[in-house]
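Okay, here's what each chain looks like letter by letter:
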Amino acid sequence: MNIPSGKNIAILSTPPTFTGERLCPLGLVPVGILKLVAYLKRRGNHVEYINMHSGDVQDRSSPAPAGESNAWKEKPMGSGGARKALMRIHGRSFEHFERRLKGLERKPHEVWISCAFTFDYDLVREYADIARRLLPSVKIVAGGDFVRVAPGIAVAAGADEYCAERIPEADECEPDFSSQKKWEYGLFQLQLGCVNKCSFCHVSKDRPRKFDVDGVLGYMKRFYDKYQPTSFWNWDPNVTLYPRQLGEFLDKFAAGGMDGATISFGKGLQPNLVNEALLKKMVRARVFSATLPMESANYEAVKRLNKPYTIISSIKLLELAARSGLQMSECRCTSLLGYPDDDLASFFRIYLSILKFKAVPSPFPVYLFPGSPDYEKYRGVLKNRDYGCLHGQLWPLLPEGEIDNYLNLFKFIELTTLKSVKDNLHLLPPDMKSKLLREFENSDRFVELCLNAKKDTLEEFRRIEKEIAVKRTKKTAAGKTEKAGKPGKAKNVLYVVANPAPERRSVSRQMGKYFTEAYVRTNPRARVTVVDLCAEGLPFINREYVELVYYGEKKEKLSAETEKLVELVEKYIVQLREADEVVIAAPMYTLSIPAILKAYFELIASRLYYFYGKKMLSLKPVVCLLTRDGFYPPGLAVADPRFPYMNVQETLLTAALGFLGLSRSPRFIIAGGLDRKEYIPRAIVMARREIDAYVAVNARK
Ligand code: SF4
């Protein structure tokens, strides 16, 4: 294709489509389109980039932002296509596109539409139709991966011309971010293409190449200085393909003066190319999230996938990542589902292994790309169906009757932690449930065998698979149901909240509410007493109180404030003595707990210690629901330059609760990273999962 010059060009990339849940962050602008903008400008064109993406970086853990998930159209689901699913567009509306096109100062001669996925080709047609209606003589140029994978469908998508090859000169350009005054996140690209030939993937069609690290860091730094983003995102298909280049990049980023920003690797790290040194560099470079591919633990499937590694390397990577200090709650571990011969036992084996390392299981439905080995293999099942029906969430290889089981499986995974697996079993159909229960007996051994494997080969993996003889679990699902149905004990739960903010602004209050409601739902015989310290106006200990309580100096008449102190402390002590369980909700204030909570402890401790002759309280379960900006990993050293502040929140609570005699090891459930708006929904979801797990195990005890 001849690249124009001297033209007015409007250019856009199609936002992704989805149905049901978004499986990964979908709202980011592809960095390649911004490089193309730069290249077209360099050729003397007047270029306007129309951003159709939402900018949202959340995945299925949080609801799609209002107005950025637009219902689009129904598409046939399953291998028969009789069932229908409503597809949604995760991005801005068609009206937005129309408005932008109408509002352009220079009438475009050409509209360029880039699309990443063949199954979204009919979205290109929608934009082309709008553009032609507004600008009858406009030329529509289609490009992107979908054209490279299947050039023929560019015409079906309504293109006058299409670009079926990469444009190397565009790849060389720095991305042009000038279309917007504000960016929440940055983008960067270290490499493209891949040398591997995995059965479901089309990336190897692009010749692998890497970009100059200093050049990449140069545009990142300029972007950082101008827009002050909190994160940089990388969607290179296989960013570990050049480990030395990646290591150099991480070292330089860590020292590059962009301390307020983290890095996220949205696509998979190739497990057999990642070692401990590289992971440590990632931690130093503030890598916030990463995708770790697991894919399958079934020999036949692993063979078919044609990956250059097996689950052995994936499990080793999980273990190394956890040991190196990568934030496991942000490691998304992918595995593939939706083949007619899915081995669900092997899927659950992987699933339990991921949970064991506190990472996030992230199963993906198979997306079929024309020309890929998987597409060729299943041509018979697909019966020449339209490319638009090959979206993974339409489950094109599954019979309709199976789809609900898979949707329930995804729901189960979304709601479940290792501790709550057995409590959420009712979400699974009986067959899946029994497979999962059987895998409980295998997963530890499986992880151990993978970690001890001397090499990562198909033969070695087959040996491990054979060794994992699946044994029938003695615990039946019926037994579990009976247990779940038992009524709980009558319990007094004391809920102490220390936050002056209203609930709509306070995540700790929201966590407390969620906890107490879940508790009572699980054990209707539980009774919750709420102590809202700020609402009660708890004063600090004063001189009169010290003289009275510490030194026994009695006065005829106490001041109103001291009377209030005495009245409150007596009430608090009775409440604590009568409580079977205590829940405390508090935010982090100046790296510690709020002063009012400390005042509560001081008041009670002084009364018990001095007035009641050290007759302290008795041990009982105590749960602390804590919130904070930032992250404070356990074992934090103040000297560590990544975490320059000492966090004393848990230390102080442990000391105070121990001194009162209430608990020697309180349970902490923490929502961190709340200074980053985009992270809050995810932090809440994760805290809720922990609460669910705690309540499921403890509320009826
Ligand atoms: S390693 Fe990743 S990018 Fe490379 S071919 Fe396989 S799936 Fe595609």
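Predicted model, so just to flag it, every value in this text is computed and none were measured.

A. Local environment of the nonpolar core. In this structure, Phe188, Met220, Phe249, Leu250 and Phe265 are the most contacted members of the largest nonpolar core, which totals 85 residues. Taken domain by domain, this core gets at least three of its residues from each of domain 1 (1-180) and domain 2 (189-377 + 416-485). If we skip the residues at most four places from it in the chain, phenylalanine 265 touches Phe188, Asn234, Val239, Leu246, Leu250, Val287, Ser289, Ala290 and Thr291. Membership of the second largest hydrophobic core comes to 77 residues, among which are Leu101, Leu336, Leu355 and Val421.

B. Region of the structure containing the packing of helix α12 (residues 344-356) against helix α16 (residues 430-440). In contact at an axis separation of 9 Å, α12 and α16 are set at 50 degrees when each is read in the N-to-C sense. If you check the angle between α12 and α16, you find them oblique. Note that α12 runs across α16; the crossing there is right-handed. Of the residues in α16, those in contact with Leu344, Ala345, Phe348, Arg349, Tyr351 and Leu352 of α12 are Met432, Lys435, Leu436, Glu439 and Phe440. For the contact of α12 with α16, the class distribution of residues is eight nonpolar, no polar and three charged.

C. Structural detail: helix α23 (residues 560-578). Here α23 contains 19 residues, and its C-alpha end-to-end distance of 27 Å stays within 8% of the 27 Å for a straight helix at 1.5 Å per residue. Buried within α23 we find Thr562, Leu565, Val566, Leu568, Val569, Tyr572, Ile573, Gln575 and Leu576. In this structure, the buried residues of α23 make contact with β17 (491-497), β18 (526-532), α21 (533-536), α22 (543-550), β19 (581-587) and α24 (595-611).

D. Representation of the sheet that holds strand β4 (residues 70-77) within the structure. Reading across from one edge, β2-β5-β4 is the order of the three strands in this open sheet, with antiparallel pairing throughout. Since the sheet does not close on itself, it has two edges, and those belong to β2 (17-18) and β4, each with one partner. Inspection of the sheet shows β4 paired to strand β5 (residues 83-89) by seven bridges, in the antiparallel sense. By the bridge assignment, alanine 71 is partnered in β5 with arginine 88. Of the strands in this sheet, β2, β4 and β5 touch helix α3 (residues 121-134), which is tilted by about 140 degrees from β4.

E. Structural view of the domain arrangement of the protein. Assigned domains within the protein: domain 1 (1-180), domain 2 (189-377 + 416-485) and domain 3 (486-698). Domain 2 and domain 3 are separated by 38 Å when their C-alpha centres are compared.

F. Fine view of unusual backbone geometry. With a phi angle near 60 degrees, asparagine 306 is a residue other than glycine that sits in the positive phi range. With respect to the helices and strands, the residue asparagine 306 is situated in the loop between α10 (299-305) and α11 (311-324). Even without a glycine there, the phi angle at threonine 590 is positive, about 45 degrees. Structurally, threonine 590 can be placed in the loop between β19 and α24.

G. Main features of the pairing of strand β1 (residues 8-13). In terms of burial, β1 is largely enclosed, as six of its six residues are buried. Because side chains alternate across β1, one face comprises the buried residues Asn8, Ala10 and Leu12, and the other comprises Ile9, Ile11 and Ser13, equally buried. Of the pairings in the sheet, the one linking β1 to strand β3 (residues 46-49) comprises four bridges and is parallel in character. The residue bridging isoleucine 9 from the neighbouring strand is valine 47, located in β3. Bridging between β1 and strand β6 (residues 110-114) involves five bridges; their strand directions are parallel.

H. Local environment of the environment of valine 421. Here valine 421 shows up in the loop between α15 (400-415) and α16. When the C-alpha positions of valine 421 and leucine 352 are compared, they lie 9.3 Å apart, and in sequence the two are 69 residues distant.

I. Representation of the sheet that holds strand β13 (residues 262-268) within the structure. Spatially, β9-β12-β13-β14-β15-β16 is the arrangement adopted by the six strands of the open sheet, whose pairing is parallel. Strands at the two margins of the open sheet, each flanked by one partner only, are β9 (185-187) and β16 (360-365). Sheet twist, expressed as the average angle between the axes of neighbouring strands with direction ignored, equals 25 degrees. Where β9 meets strand β12 (residues 231-234), three bridges bridge the pair, whose relative direction is parallel. Looking at the pairing, tyrosine 185 lines up with serine 231 of β12. Sheet contacts for α15: β15 (331-337) and β16; angle to β16, the most-contacted strand, approximately 160 degrees.

J. Quick look at the environment of proline 621. Inspection of the secondary structure puts proline 621 in the loop between α24 and β20 (622-627). When the C-alpha atoms of proline 621 and valine 493 are compared, they prove to be 9.9 Å apart, with 128 residues separating the residues in sequence. In this structure, proline 621 is in contact with Asp580, Glu581, Val582 and Tyr694, ignoring residues within four places of it in sequence.

K. Molecular detail of the state of the cysteines. By the definition in use, this model includes zero disulfides. In this model cysteine 389 remains outside any disulfide bridge; the closest cysteine sulfur is found in cysteine 115, 15 Å from its own. Looking at cysteine 389, the relative accessible area reads 10%, which means it is buried.

L. Here's a closer look at the packing of aromatic side chains. One pass over the full model with this rule turns up 35 aromatic pairs. Ring centres of tyrosine 550 and tyrosine 610 lie 4.4 Å apart, and the angle between their planes is 25 degrees; this geometry places the pair in the stacked category. Placement of the pair is tyrosine 550 in helix α22 and tyrosine 610 in helix α24, with a sequence separation of 60 residues. Of the residues examined, tyrosine 550 reaches a relative accessible area of 30% and is grouped as partly exposed. Each ring, one from tyrosine 609 and one from tyrosine 610, has its centre 5.2 Å from the other, and the planes form 70 degrees; the classification is edge-to-face.

M. Structural context of the packing of helix α2 (residues 94-103) against α3. As a packed pair, α2 and α3 sit with axes 10 Å apart at the nearest point and diverge in direction by 40 degrees. With respect to the hand of their crossing, α2 and α3 are arranged in right-handed fashion. Between α2, through Phe94, Phe97, Glu98, Leu101 and Lys102, and α3, the contact on the second element is made entirely by Leu123, Glu126, Tyr127, Ile130, Ala131, Arg133 and Leu134. For the contact of α2 with α3, the per-class residue count stands at eight nonpolar, no polar and four charged.

N. Here's a closer look at the side chain of serine 372. With respect to the helices and strands, the residue serine 372 is situated in the loop between β16 and α13 (373-377). Judged by relative accessible area, serine 372 falls into the buried class, the value being 3%. In this structure the side chain of serine 372 is engaged in a polar contact, spanning 2.7 Å, whose partner is the backbone oxygen of phenylalanine 369. Apart from the residues lying within four places of it in its own chain, the contact partners of serine 372 are Ser199, Phe200 and Cys201.

Parameters and conventions
- Residues numbered from 1 in each chain as written.
- Predicted model: local features only at pLDDT ≥ 70, side-chain atom pairs only at ≥ 80, totals over all residues.
- Heavy atoms only, no water.
- Core = buried A, V, L, I, M, F, W, Y, C linked by side-chain atoms within 4.5 Å.
- Buried < 20%, exposed > 50% of the residue type's maximum accessible area, 1.4 Å probe, protein only.
- Domains from an automatic or database assignment.
- Contact = heavy atoms within 4.5 Å.
- Axes fitted to C-alpha atoms, helices over the stretch in contact; angles between N-to-C directions.
- Helix = DSSP H or I, 4+ residues; strand = E, 2+ residues; numbered from the N terminus.
- Parallel < 35°, antiparallel > 145°, perpendicular 65-115°, else oblique.
- Left-handed = near helix turned anticlockwise from the far one by under 90°.
- Nonpolar A, V, L, I, M, F, W, Y, C, P; charged D, E, K, R; others polar.
- Expected span 1.5 Å × (residues − 1).
- Pairing = 2+ DSSP bridges.
- Disulfide = S-S within 2.5 Å.
- Phe/Tyr/Trp six-rings, centres within 6.5 Å; stacked < 30°, edge-to-face > 60°.
- Polar contact = N/O pair within 3.5 Å; in protein donor to acceptor, adjacent residues only side chain to side chain.

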